[in-house]
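# A structural walkthrough
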Amino acid sequence: MKLLSLSTPDSTTCYLSSSAFLPSHSNGFQNLASTFKFSNNQARCIRKAGATKVTAKFELKPPPYPLNALEPIMSQETFEYHWGKHHRAYVDNLNKQIEGTDLDGKSLEETIVIAYNNGDILPAFNNAAQVWNHDFFWESMKPGGGGKPSGELLKLIERDFGSFEKFVDQFKLAASTQFGSGWAWLAYKENRLDVGNAVNPLATDEDKKLVILKSPNAVNPLVWSHHHPLLTIDVLEHAYYLDYQNRRPDYISVFMNKLVSWEAVSSRLEQAKAVIAEREREEERKRREEEEKSTTSEATPTPEIFADSDTD
Amino acid sequence: MAIRTLFTRKTLTSILRNDPNPIVAGIAASTQSRDLHVFTLPDLAYDYGALEPVISGEIMQLHHQKHHQTYVTNYNKALEQLHDAVGKADSSTTVKLQNAIKFNGGGHINHSIFWKNLAPVREGGGEPPRDSLGWAIDTHFGSLEALIQKINAEGAALQGSGWVWLGLDKELKRLVVETTANQDPLVTKGPSLVPLLGIDVWEHAYYLQYKNVRPDYLKNIWKVINWKYASEVYEKESS
């Protein structure tokens, strides 16, 4: 991940980061609370002379290939509308929506999670999530894609779905039965609960697994805790209507056979694992620290410690 | 245990069959022998190209022959599966089928209304209502222009796919503008709501012609709206 740091005299720092396959810190958003620097590949800091407020503007990021690179499977005309009009409108409308609000200056991932508001969706959510989803979608494809993944990704797919063919069938089914507009996803799911003290005492890497999900409209796995998105297909009609009209199943098949960049999916899996491992190390360190603290305090035991023992 | 369950069910069925109460006996018999109604694609009252240039013949043909046909096909399929599941007292499948029924059944209901909401200009498409519906629109929304603006704004703001409706609330005796997601029919927004006019804002309704510019589709569609049909439904339902 390349980080370009722009420093201004009063030490406001913005990062322009770029990664081959992730729109930004797709898995790092859980850690964002610990820092007030915002980092986003689409964020640009504009500091007007005399103004005290930093305005971050999201920018329309181009696909990592020319607009005609996926012809004839996905036409240049589709890209001109899907990227040039729809994706651009999400970016422009998001910028308008957040200007001067509390969301101004947040990263895209933070904006998505905050605006999702635990399901009680705020107006900026749709545009923010659609900006992210489309970045992620462009990077899920490549010219000459498709085929079969390899290495660890393939092993996990075979472990969690039985075989690669079964995985493909399930993914296609999810994409074709998303009633209405939305997305289908492959995600890496951690076996964790959103309760502070609910810890799996015997957690192993086996508990983390690949899952297929579908989501309506703009919703994406970033809003579900401990899901790390690896692959997506856009099943809004504008994604395929100019090329396939009503034949959504054909579009889904050809996406799987000829467009998926398994390289991108593998790379995202690797990044997800790195993020998880880093957080687990951090949690382990904190646990040890607390253990040490409690060992020290055990030297002078107090009656309260035994208050909930089963002696009665 | 299994034998006892079987025995109990058998006994229950035979009790129901022989029940002197004709309603109860009728229910028991109907789950066995009722013929399933098969829904079919309704014909359009005009040619596919008759709404041009507002809606292209290509859009109308795909929309009717492919999209609506698929809703009808999948609705029939789901109803058949439901029939089987109910017959087998398979509650899990019965409940699971509700999504497919709502989506495909809703798709069939909505499109059947939509085709009647449209008419070629030479057959009165776009002619404003000058009867009791026209009066009601003026009373509730100020003017037809104001209503059109409201419907266009709500239709343009709808995220994803869905419908924007002019409906009659039979209970409150007033007109309402509502939107529904996906293929949800208007009745999902309230049991007393009757659709007078529904506009499809799924991308398949306009994309080949209007692409990403949904507001232009909404602006133009009023030129082929069949207010006569909406008025007839209004007269019938409000009397």
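Model, not experiment: these values are computed from the prediction.

### Quick notes on the pattern of salt bridges
Counted by the stated rule, this structure contains 16 salt bridges over all chains. We note a salt bridge from A:Lys142 to A:Glu263, for which the minimum N-O separation is 3.5 Å. Here A:Lys142, found in the loop between helix H3 (124-138) and helix H4 (151-161), pairs with A:Glu263, found in helix H8 (residues 262-298); they are 121 residues apart in sequence, far enough to count as distant. In this structure, B:Lys150 and B:Glu154 form a salt bridge, with 3.4 Å as the shortest nitrogen-oxygen distance.

### Re the sheet that holds strand E6 (residues 182-189) of chain A
Residues and elements named next belong to chain A. Pairing in this open sheet of three strands is antiparallel, and the strands run E7-E6-E8 from one edge to the other. Edge positions in the sheet fall to strand E7 (209-216) and strand E8 (227-234), since each of these pairs with one other strand and no more. Averaged over all neighbouring strand pairs, the angle between strand axes comes to 25°, with direction disregarded. In the sheet, E6 pairs with E8 via seven bridges, with the strands oriented antiparallel. Residue pairing across strands places Ala184 opposite Ile233, the latter belonging to E8.

### With respect to the UniProt feature "domain: Manganese/iron superoxide dismutase N-terminal" (unreviewed entry) in chain A
Mapped onto the present numbering, the UniProt feature "domain: Manganese/iron superoxide dismutase N-terminal" (unreviewed entry) falls at residues 57-141 of chain A. This span, residues 57-141 of chain A, is 55% helix and 2% strand, and a straight line between its end C-alpha atoms measures 26 Å.

### Let's talk about the UniProt feature "domain: Manganese/iron superoxide dismutase N-terminal" (unreviewed entry) in chain B
The residues that UniProt annotates with the feature "domain: Manganese/iron superoxide dismutase N-terminal" (unreviewed entry) are residues 39-119 of chain B. Helix makes up 70% of residues 39-119 of chain B and strand 0%. Its end C-alpha atoms lie 24 Å apart.

### So, the packing of helix H3 (residues 57-87) of chain B against helix H5 (residues 98-117) of chain B
Residue and element names in this part refer to chain B. Where H3 meets H5, the closest approach of the two axes is 8 Å, and the angle between their N-to-C directions is 140°. By the angle class used here, H3 and H5 are oblique. The way H3 lies across H5 gives a crossing that is left-handed. Contacts between H3 and H5 involve Met60, His63, His64, His68, Thr70, Tyr71, Val72, Asn74, Tyr75, Ala78, Leu79 and Leu82 on the former and, on the latter, Gln98, Ala100, Ile101, Phe103, Asn104, Gly105, Gly107, His108, His111, Ser112, Phe114 and Trp115. Here the contact of H3 with H5 is built from residues that sort into 12 nonpolar, 12 polar and no charged.

### Quick look at the interface of chain B and chain A
The interface is formed by 17 residues belonging to chain B together with 16 residues belonging to chain A. Summed over both partners, the interface of chain B with chain A buries about 1,700 Å², with 59% contributed by carbon and sulfur atoms. Linking chain B with chain A are zero salt bridges, by the criterion used here. Between the two partners, chain B and chain A, sit six residue pairs in polar contact (both at pLDDT 80 or more). Of all the secondary-structure elements, those providing two or more residues to the side of chain B that touches chain A are H3, H5 and helix H8 (207-210) of chain B. Residues of the side of chain B that touches chain A, tallied by class, amount to six nonpolar, eight polar and three charged.

### Let's talk about the packing of aromatic side chains
Throughout the structure, instances matching the rule amount to 27 aromatic pairs over all chains. Consider the rings of A:Tyr116 and A:Phe125, whose centres lie 5.3 Å apart with planes at 55°: the pair is tilted. Plain terms: the ring middles of B:Phe39 and B:Tyr75 are 4.9 Å apart, the flat faces sit at 35° to each other, and that makes the pair tilted. Note that B:Phe39 is positioned in the loop between helix H2 (22-33) and H3 and B:Tyr75 in helix H3, a separation of 36 residues in sequence. The exposure class assigned to B:Phe39 is partly exposed, which follows from its relative accessible area of 26%. Lying across the ring of A:Trp83, A:Arg88 places its NZ or CZ 5.6 Å from the centre. For the cation-ring pair, A:Arg268 lies above A:Phe136, with the distance from its terminal atom to the ring centre recorded as 3.6 Å.

### Focus: the domain arrangement of chain B
Residues and elements named next belong to chain B. Domain parsing of chain B yields domain 1 (57-119) and domain 2 (123-238). Measuring from the centre of the C-alpha atoms in domain 1 to the corresponding centre in domain 2 gives 22 Å. Listed as interface residues are 19 residues of domain 1 and, on the opposing side, 27 residues of domain 2. Summed over both sides, the interface between domain 1 and domain 2 buries roughly 1,900 Å², with carbon and sulfur atoms accounting for 65% of that surface. Our count for the contact surface shared by domain 1 and domain 2 stands at one salt bridge. In this structure, Asp184 engages Lys102 in a salt bridge whose closest nitrogen and oxygen atoms are separated by 3.8 Å. At the surface where domain 1 touches domain 2, the tally comes to 11 residue pairs in polar contact (both at pLDDT 80 or more). Elements supplying a minimum of two residues to the side of domain 1 that touches domain 2: H3 and H5. Tallying contributions element by element places H5 first for the side of domain 1 that touches domain 2, with 11 residues.

### With respect to H5(B)
Under the 1.5 Å per step criterion, the end-to-end length of H5(B) is 28 Å for 20 residues, consistent within 8% with the ideal 28 Å. Counting buried residues in H5(B) gives 15 out of 20 residues, a clear majority hidden from the surface.

What counts and what doesn't
Residues numbered from 1 in each chain as written. Chains lettered and ligands numbered in written order. Predicted model: local features only at pLDDT ≥ 70, side-chain atom pairs only at ≥ 80, totals over all residues. Heavy atoms only, no water. Salt bridge = Lys/Arg side-chain N within 4 Å of Asp/Glu carboxyl O. Helix = DSSP H or I, 4+ residues; strand = E, 2+ residues; numbered from the N terminus. Pairing = 2+ DSSP bridges. Axes fitted to C-alpha atoms, helices over the stretch in contact; angles between N-to-C directions. UniProt positions renumbered as here; feature names shortened; annotations may be inferred. Parallel < 35°, antiparallel > 145°, perpendicular 65-115°, else oblique. Left-handed = near helix turned anticlockwise from the far one by under 90°. Contact = heavy atoms within 4.5 Å. Nonpolar A, V, L, I, M, F, W, Y, C, P; charged D, E, K, R; others polar. Buried area = accessible area lost by both parts, 1.4 Å probe. Polar contact = N/O pair within 3.5 Å; in protein donor to acceptor, adjacent residues only side chain to side chain. Phe/Tyr/Trp six-rings, centres within 6.5 Å; stacked < 30°, edge-to-face > 60°. Buried < 20%, exposed > 50% of the residue type's maximum accessible area, 1.4 Å probe, protein only. Lys NZ or Arg CZ within 6 Å of the ring centre and 35° of its normal. Domains from an automatic or database assignment. Expected span 1.5 Å × (residues − 1).

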